[in-house]
Amino acid sequence: MRITKFGHACVRIEHDGRTVVLDPGVFTDPEAVDGVDAVLITHEHPDHYLPDHLRRTDAPVFTIDAVAARIREDAPDVFERTTVVAPGESFDPGIPARAVGELHAVIHSEFPRFHNSGYVLTAGDEKVFHPGDALTPPGEAVDVLLVPVSAPWMRASEAIEFARAVKAPRNLAIHDRVYSEAGLGIVDGHMNVFLPKEGLSYVRLADGADL
């Protein structure tokens, strides 16, 4: 298995000749979708969903109903190759996957909750979990957690506790365009204080780098 980090919350996962990309949004270089077999989208926020990226590829799109409704409005041509998946549903976009959870993390108590489903992908003997913008555990053991590390809706302590709850041996930082490099360095330091004590590794990669 190969995991490539792209801008912000976007990653490409390659296994056994198949490639799936998750959450190519406004902070993601368009090339992230080139040659992929499928695109998965966790929710409708523009840092995770950009119609122009979906138009760049002919690959099928898998996402939840709320995002599919946006695609229908924003890009009817893409909607024709969009498959709706439900929370808890297993499906096969080229690498077997399962949708996890239903709601975005709370942004503010007076804002409505957006719908969000993360995805567990099973690449041979290894499982990778992309939670989107939620801190909902996957309900099963995973080998790699793509852990959000910066957002207007979260604190560094929440990232630490989420990683400790999931207990993935490897943790790769995503959702990292909100803070400056100085701020991210502080978060990295916090993660590396607490996670190794649990036997868990943590890394934040540059865009284009592989895990």
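**Re the sheet that holds strand β8 (residues 97-100)**
Consideration 1: Taking strand neighbours across the sheet as the criterion, the seven strands line up as β7-β8-β9-β10-β11-β12-β13 in an open arrangement whose pairing is mixed. Across the chains shown, the open sheet's two edge strands, defined by having one partner strand only, are β7 (90-91) and β13 (201-203).
Consideration 2: With four bridges connecting them, β8 and strand β9 (residues 118-123) associate as antiparallel partners. Looking across to β9, one finds that Arg98 is bridged to Val120.

**Notes on the pattern of salt bridges**
Consideration 1: Per the stated rule, a full pass over the model turns up 18 salt bridges.
Consideration 2: With a shortest N-O distance of 2.6 Å, Arg98 and Glu140 are connected by a salt bridge. Taken as a pair, Arg98 in strand β8 and Glu140 in the loop between β10 (126-130) and β11 (144-148) lie far apart in primary sequence, 42 residues in all.
Consideration 3: The exposure class assigned to Glu140 is partly exposed, which follows from its relative accessible area of 24%.

**Concerning the pairing of β9**
Consideration 1: For β9, a buried count of five out of six residues is recorded, marking the element as mostly surrounded by other parts of the structure.
Consideration 2: Pairing between β9 and β10: five bridges, direction antiparallel. Looking at the pairing, Tyr119 lines up with His130 of β10.
Consideration 3: From the end of β9 to the start of β10, which pair antiparallel, there are two residues, and Gly124 there has a positive phi angle of about 65 degrees.

**Some points on the side chain of Thr82**
Consideration 1: Summarising the element assignment, Thr82 is placed in strand β6 (residues 82-84).
Consideration 2: Judged by relative accessible area, Thr82 falls into the buried class, the value being 14%.
Consideration 3: A polar side-chain atom of Thr82 sits 2.9 Å from the main-chain carbonyl oxygen of Val78.
Consideration 4: In this structure Thr82 touches Val61, Thr63, Ala68 and Ile71, once residues within four positions along its chain are discounted.

**Let's talk about the nonpolar core**
Consideration 1: One finds Leu40, Tyr119 and Leu121 to be the most contacted residues of the largest nonpolar core, which totals 39 residues.
Consideration 2: The leading source of residues in this core is strand β4 (residues 38-41), at four residues.
Consideration 3: When sequence neighbours within four positions are dropped, the list of residues in contact with Leu40 reads Val20, Val21, Leu22, Asp23, Pro24, Phe62, Phe91, Pro93, Ala97, Tyr119 and Leu121.
Consideration 4: Counting residues in hydrophobic clusters, the runner-up holds 24 residues, among them Val149, Met154, Ala173 and Leu200.

**Remarks on the packing of aromatic side chains**
Consideration 1: Here the structure, examined in full by the defined rule, presents two aromatic pairs.
Consideration 2: With centroids separated by 5.5 Å and ring planes inclined at 20 degrees, the aromatic side chains of Phe62 and Phe91 adopt a geometry described as stacked. Pair noted here: Phe62 is in strand β5 (residues 61-63) and Phe91 is in strand β7, with a separation of 29 residues, a long-range link. Each member of the pair, Phe62 as well as Phe91, is classed as buried.
Consideration 3: Geometrically, the ring pair formed by Phe91 and Tyr119 is edge-to-face, given 5.9 Å between the ring centres and 80 degrees between the ring planes. Here Phe91, found in strand β7, pairs with Tyr119, found in strand β9; they are 28 residues apart in sequence, far enough to count as distant. For the pair formed by Phe91 and Tyr119, the shared burial category is buried.

**A short note on helix α4 (residues 156-166)**
Consideration 1: Ala159, Ile160, Phe162, Ala163 and Val166 are the residues of α4 that are buried. In a view along the axis of α4, the buried residues occupy a sector of 165 degrees, so they form one face of it.
Consideration 2: Contact partners of the buried residues in α4: β10, β11, β12 (170-174) and α5 (181-194).
Consideration 3: At the exit of α4 stands Lys167, carrying a positive phi of roughly 65 degrees.

Cut-offs used in this document
- Residues numbered from 1 in each chain as written.
- Predicted model: local features only at pLDDT ≥ 70, side-chain atom pairs only at ≥ 80, totals over all residues.
- Heavy atoms only, no water.
- Pairing = 2+ DSSP bridges.
- Helix = DSSP H or I, 4+ residues; strand = E, 2+ residues; numbered from the N terminus.
- Salt bridge = Lys/Arg side-chain N within 4 Å of Asp/Glu carboxyl O.
- Buried < 20%, exposed > 50% of the residue type's maximum accessible area, 1.4 Å probe, protein only.
- Polar contact = N/O pair within 3.5 Å; in protein donor to acceptor, adjacent residues only side chain to side chain.
- Contact = heavy atoms within 4.5 Å.
- Core = buried A, V, L, I, M, F, W, Y, C linked by side-chain atoms within 4.5 Å.
- Phe/Tyr/Trp six-rings, centres within 6.5 Å; stacked < 30°, edge-to-face > 60°.
- Arc of directions from axis to C-beta.

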